[in-house]
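What follows is the residue order along each chain.
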Amino acid sequence: MYQILENYFTDNSPENTELLEYIEQIMDLNPEKIYFVRCNDEKGSSAIVLQLSEYHLLVLPKVYYLHGKVTETGAVRILDFFNIVKMFSKSFIIPTEGLCLDMDDFHALFQGTIYSSKFKSFQNGKYWHKHFLDYQHRWHSTEYYKRHYGIGFVEAQQVVLQTVRNI
(Lines give C-alpha, C1' and ligand atoms only; values in the text may rest on other atoms or scores of the structure.)
Protein backbone atom coordinates (compact mmCIF):
# COMPACT_ATOMS: atom_id res chain seq x y z
CA MET A 1 0.00 0.00 0.00
CA TYR A 2 1.29 3.44 -0.90
CA GLN A 3 -0.19 6.86 -0.35
CA ILE A 4 0.42 10.56 -0.08
CA LEU A 5 -1.46 11.92 2.91
CA GLU A 6 -2.34 15.49 1.94
CA ASN A 7 -5.10 16.17 4.44
CA TYR A 8 -3.24 15.05 7.58
CA PHE A 9 -0.27 17.33 7.02
CA THR A 10 -0.58 20.97 6.07
CA ASP A 11 1.52 22.12 3.14
CA ASN A 12 2.17 25.58 4.62
CA SER A 13 5.65 26.73 5.51
CA PRO A 14 5.77 25.97 9.22
CA GLU A 15 6.69 28.52 11.86
CA ASN A 16 8.35 27.10 14.98
CA THR A 17 5.04 26.08 16.58
CA GLU A 18 3.85 24.50 13.35
CA LEU A 19 7.16 22.67 13.03
CA LEU A 20 6.58 21.12 16.45
CA GLU A 21 3.06 20.14 15.40
CA TYR A 22 4.47 18.59 12.23
CA ILE A 23 6.92 16.53 14.29
CA GLU A 24 4.10 15.51 16.65
CA GLN A 25 1.99 14.39 13.69
CA ILE A 26 4.88 12.23 12.47
CA MET A 27 5.23 10.73 15.97
CA ASP A 28 1.46 10.10 16.16
CA LEU A 29 1.70 7.90 13.06
CA ASN A 30 4.33 5.79 14.83
CA PRO A 31 6.38 4.91 11.72
CA GLU A 32 8.74 1.95 11.70
CA LYS A 33 11.32 4.00 9.80
CA ILE A 34 11.75 7.51 8.45
CA TYR A 35 13.38 8.02 5.06
CA PHE A 36 14.87 11.38 4.14
CA VAL A 37 14.75 11.39 0.34
CA ARG A 38 16.81 13.76 -1.79
CA CYS A 39 16.57 14.33 -5.52
CA ASN A 40 19.82 14.70 -7.43
CA ASP A 41 18.63 17.93 -9.05
CA GLU A 42 20.03 21.46 -8.82
CA LYS A 43 17.44 22.50 -6.23
CA GLY A 44 18.25 19.62 -3.88
CA SER A 45 14.54 18.76 -3.67
CA SER A 46 14.07 16.73 -0.50
CA ALA A 47 11.16 15.03 1.20
CA ILE A 48 10.21 12.74 4.04
CA VAL A 49 8.74 9.26 3.59
CA LEU A 50 7.38 7.27 6.51
CA GLN A 51 7.40 3.49 6.51
CA LEU A 52 4.29 2.61 8.51
CA SER A 53 4.60 -1.14 7.91
CA GLU A 54 6.56 -3.42 5.61
CA TYR A 55 4.44 -2.53 2.56
CA HIS A 56 2.89 0.77 3.61
CA LEU A 57 4.78 3.95 2.78
CA LEU A 58 3.49 7.44 3.43
CA VAL A 59 5.00 10.30 1.42
CA LEU A 60 4.67 13.58 3.30
CA PRO A 61 3.51 16.37 0.97
CA LYS A 62 6.18 18.99 1.76
CA VAL A 63 9.17 19.33 -0.52
CA TYR A 64 12.19 21.14 0.88
CA TYR A 65 14.66 22.80 -1.49
CA LEU A 66 18.16 22.42 -0.11
CA HIS A 67 20.39 24.85 -1.97
CA GLY A 68 21.87 28.26 -1.30
CA LYS A 69 19.84 30.43 -3.65
CA VAL A 70 16.85 30.91 -1.36
CA THR A 71 14.86 33.77 0.10
CA GLU A 72 14.41 34.28 3.82
CA THR A 73 11.39 31.96 3.71
CA GLY A 74 13.48 29.35 1.91
CA ALA A 75 16.15 29.65 4.60
CA VAL A 76 13.49 29.02 7.26
CA ARG A 77 12.36 25.90 5.38
CA ILE A 78 15.94 24.64 5.14
CA LEU A 79 16.32 25.15 8.88
CA ASP A 80 12.99 23.37 9.49
CA PHE A 81 14.18 20.38 7.49
CA PHE A 82 17.51 20.46 9.33
CA ASN A 83 15.67 20.43 12.68
CA ILE A 84 13.45 17.52 11.65
CA VAL A 85 16.46 15.50 10.49
CA LYS A 86 18.36 16.39 13.65
CA MET A 87 15.49 15.53 15.96
CA PHE A 88 14.85 12.09 14.48
CA SER A 89 18.47 11.17 13.63
CA LYS A 90 19.82 11.95 17.06
CA SER A 91 16.92 10.72 19.17
CA PHE A 92 17.08 7.08 17.98
CA ILE A 93 13.34 6.81 18.73
CA ILE A 94 12.63 5.86 15.13
CA PRO A 95 15.29 4.48 12.74
CA THR A 96 16.20 6.85 9.90
CA GLU A 97 17.75 6.31 6.51
CA GLY A 98 18.65 8.54 3.60
CA LEU A 99 18.02 7.95 -0.08
CA CYS A 100 19.22 9.92 -3.10
CA LEU A 101 17.07 9.47 -6.19
CA ASP A 102 17.31 10.65 -9.77
CA MET A 103 14.69 13.13 -10.93
CA ASP A 104 12.42 10.54 -12.58
CA ASP A 105 12.27 8.33 -9.48
CA PHE A 106 11.76 11.34 -7.19
CA HIS A 107 8.79 12.52 -9.26
CA ALA A 108 7.43 8.96 -9.46
CA LEU A 109 7.52 8.88 -5.67
CA PHE A 110 5.09 11.81 -5.50
CA GLN A 111 2.90 10.32 -8.22
CA GLY A 112 2.54 7.10 -6.26
CA THR A 113 4.02 4.96 -9.04
CA ILE A 114 6.88 3.43 -7.04
CA TYR A 115 5.94 0.32 -5.09
CA SER A 116 7.38 -0.11 -1.62
CA SER A 117 9.55 -3.06 -2.72
CA LYS A 118 11.21 -0.93 -5.43
CA PHE A 119 11.51 2.02 -3.05
CA LYS A 120 13.34 -0.10 -0.50
CA SER A 121 15.69 -1.42 -3.21
CA PHE A 122 17.26 2.03 -3.67
CA GLN A 123 20.60 2.13 -1.85
CA ASN A 124 22.22 5.40 -2.91
CA GLY A 125 22.78 8.13 -0.30
CA LYS A 126 22.09 6.13 2.84
CA TYR A 127 23.75 8.75 5.09
CA TRP A 128 23.17 11.99 3.19
CA HIS A 129 20.75 13.28 5.83
CA LYS A 130 23.32 12.78 8.59
CA HIS A 131 25.93 14.50 6.42
CA PHE A 132 23.52 17.43 6.09
CA LEU A 133 23.73 17.86 9.87
CA ASP A 134 27.50 18.38 9.53
CA TYR A 135 27.17 22.04 8.52
CA GLN A 136 30.53 22.86 10.20
CA HIS A 137 32.28 20.12 8.17
CA ARG A 138 33.76 18.28 11.11
CA TRP A 139 33.20 14.80 9.62
CA HIS A 140 34.13 15.48 6.00
CA SER A 141 35.56 18.32 3.96
CA THR A 142 33.64 20.78 1.85
CA GLU A 143 35.13 19.11 -1.23
CA TYR A 144 33.84 15.71 -0.11
CA TYR A 145 30.29 17.06 0.20
CA LYS A 146 30.51 18.91 -3.13
CA ARG A 147 31.75 15.76 -4.85
CA HIS A 148 29.04 13.51 -3.35
CA TYR A 149 26.03 15.84 -3.19
CA GLY A 150 26.81 18.92 -5.28
CA ILE A 151 27.46 22.57 -4.57
CA GLY A 152 23.81 23.23 -3.65
CA PHE A 153 24.11 20.82 -0.72
CA VAL A 154 27.10 22.73 0.65
CA GLU A 155 25.29 26.03 0.08
CA ALA A 156 22.30 24.73 2.07
CA GLN A 157 24.66 23.75 4.88
CA GLN A 158 25.98 27.33 4.80
CA VAL A 159 22.41 28.63 5.09
CA VAL A 160 22.05 26.54 8.26
CA LEU A 161 25.40 27.80 9.56
CA GLN A 162 24.48 31.47 8.95
CA THR A 163 21.05 31.02 10.53
CA VAL A 164 22.49 29.31 13.60
CA ARG A 165 25.06 32.11 13.98
CA ASN A 166 22.29 34.73 13.84
CA ILE A 167 20.19 33.13 16.55
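An account of the accompanying structure is given in this report. Quick caveat, the model's predicted, so the values are computed rather than measured. (Residues numbered from 1 in each chain as written. Predicted model: local features only at pLDDT ≥ 70, side-chain atom pairs only at ≥ 80, totals over all residues. Heavy atoms only, no water.)

**Some thoughts on the nonpolar core**
Consideration 1: Within the largest apolar cluster, 35 residues are counted, with the highest numbers of intra-cluster contacts made by Phe-36, Ile-48, Phe-81, Ile-84, Trp-128 and Phe-132.
Consideration 2: Listing elements by their share of this core, those giving two or more residues are α1 (16-29), β2 (33-39), β3 (45-53), α2 (72-91), α5 (128-132), α6 (142-149) and α7 (151-166).
Consideration 3: The element contributing the most residues to this core is α2, with 8 residues. (Core = buried A, V, L, I, M, F, W, Y, C linked by side-chain atoms within 4.5 Å. Buried < 20%, exposed > 50% of the residue type's maximum accessible area, 1.4 Å probe, protein only. Helix = DSSP H or I, 4+ residues; strand = E, 2+ residues; numbered from the N terminus.)

**Description of the layout of surface pockets**
Consideration 1: Space inside the largest pocket adds up to approximately 170 Å³.
Consideration 2: Looking at the largest pocket, the residues that line it are Phe-82, Lys-86, Lys-90, Leu-133, Asp-134, Tyr-135, Gln-136, Arg-138 and Trp-139.
Consideration 3: Of the residues contributing to the lining of the largest pocket, the split by class is 4 nonpolar, 1 polar and 4 charged. (1 Å grid on protein atoms, 1.4 Å probe; cavity = no way out; pocket = protein on both sides within 12 Å on 5 of 7 lines; lining within 4 Å. Points joined across faces, edges and corners; volume = space filled by probe spheres on them. Nonpolar A, V, L, I, M, F, W, Y, C, P; charged D, E, K, R; others polar.)

**Quick look at the packing of aromatic side chains**
Consideration 1: A full pass over the atoms with the stated rule returns 14 aromatic pairs.
Consideration 2: The interplanar angle of 55 degrees and the centroid separation of 5.4 Å between the aromatic rings of Phe-106 and Phe-110 together place this pair among those described as tilted. Residue Phe-106 and its partner Phe-110 are both found in helix α3 (residues 103-111); the two are separated by 4 residues, about one turn of the helix.
Consideration 3: With relative accessibility at 4%, the residue Phe-106 sits in the buried group.
Consideration 4: Overall, Phe-110 belongs to the partly exposed group, its relative accessible area being 23%.
Consideration 5: Where Trp-128 meets Phe-153, the ring centres are 6.4 Å apart and the plane angle is 70 degrees; that geometry is what we call edge-to-face. Of this pair, Trp-128 sits in helix α5 while Phe-153 sits in helix α7; the two residues are 25 residues apart in sequence, bridging distant segments of the chain.
Consideration 6: One aromatic cluster is present, formed by Phe-36, Tyr-64, Phe-81, Phe-82, Trp-128, Phe-132, Tyr-135, Tyr-144, Tyr-145, Tyr-149 and Phe-153 through successive ring pairs.
Consideration 7: We note Lys-62 situated over the ring of Tyr-22; from NZ or CZ to the ring centre the distance is 3.8 Å. (Phe/Tyr/Trp six-rings, centres within 6.5 Å; stacked < 30°, edge-to-face > 60°. Lys NZ or Arg CZ within 6 Å of the ring centre and 35° of its normal.)

**Quick notes on unusual backbone geometry**
Consideration 1: Of note, the phi angle at Asn-30 is positive, near 50 degrees, even though the residue is not glycine.
Consideration 2: For Asn-30, the position within the fold is in the loop between α1 and β2.
Consideration 3: In the Ramachandran plot, His-137 falls in the positive-phi region, its phi being about 55 degrees despite a non-glycine side chain.
Consideration 4: With respect to the secondary-structure elements, His-137 resides in the loop between α5 and α6.
Consideration 5: The class for His-137 is buried, based on a relative accessible area of 17%.

**Remarks on the environment of His-140**
Consideration 1: Among the secondary structure elements, His-140 is positioned in the loop between α5 and α6.
Consideration 2: Beyond its immediate sequence surroundings of up to four residues, His-140 is in contact with His-131, Asp-134 and Tyr-145. (Contact = heavy atoms within 4.5 Å.)

**So, the packing of α2 against α7**
Consideration 1: In contact at an axis separation of 9 Å, α2 and α7 are set at 95 degrees when each is read in the N-to-C sense. When the axes of α2 and α7 are compared, the pair comes out roughly perpendicular. Between α2 and α7, the residues in contact are Ala-75, Ile-78, Leu-79 and Phe-82 and Ala-156, Val-159, Val-160 and Thr-163, respectively.
Consideration 2: When grouped by side-chain class, the residues that make up the contact of α2 with α7 number 7 nonpolar, 1 polar and no charged. (Axes fitted to C-alpha atoms, helices over the stretch in contact; angles between N-to-C directions. Parallel < 35°, antiparallel > 145°, perpendicular 65-115°, else oblique.)

**Considerations on the pairing of β3**
Each regular strand displays side chains that alternate between the two surfaces of the sheet.
Consideration 1: With respect to burial, β3 is a largely interior element, 7 of its 9 residues being buried.
Consideration 2: Sheet topology places β2 next to β3; 6 bridges connect them, and they run antiparallel. Across the sheet, residue Phe-36 finds its bridge partner in β3, namely Ile-48.
Consideration 3: Hairpin connection from β2 to β3: 5 residues lie between these consecutive antiparallel strands, with Gly-44 at a positive phi of about 65 degrees.
Consideration 4: In the sheet, β3 pairs with strand β4 (residues 56-59) via 4 bridges, with the strands oriented antiparallel. Residue Ser-53 lies in a different strand from β4, and its bridge partner there is His-56.
Consideration 5: Here β3 folds back onto β4, and the loop between the two strands holds 2 residues. (Pairing = 2+ DSSP bridges.)

Just distances and angles here, no functional claims.
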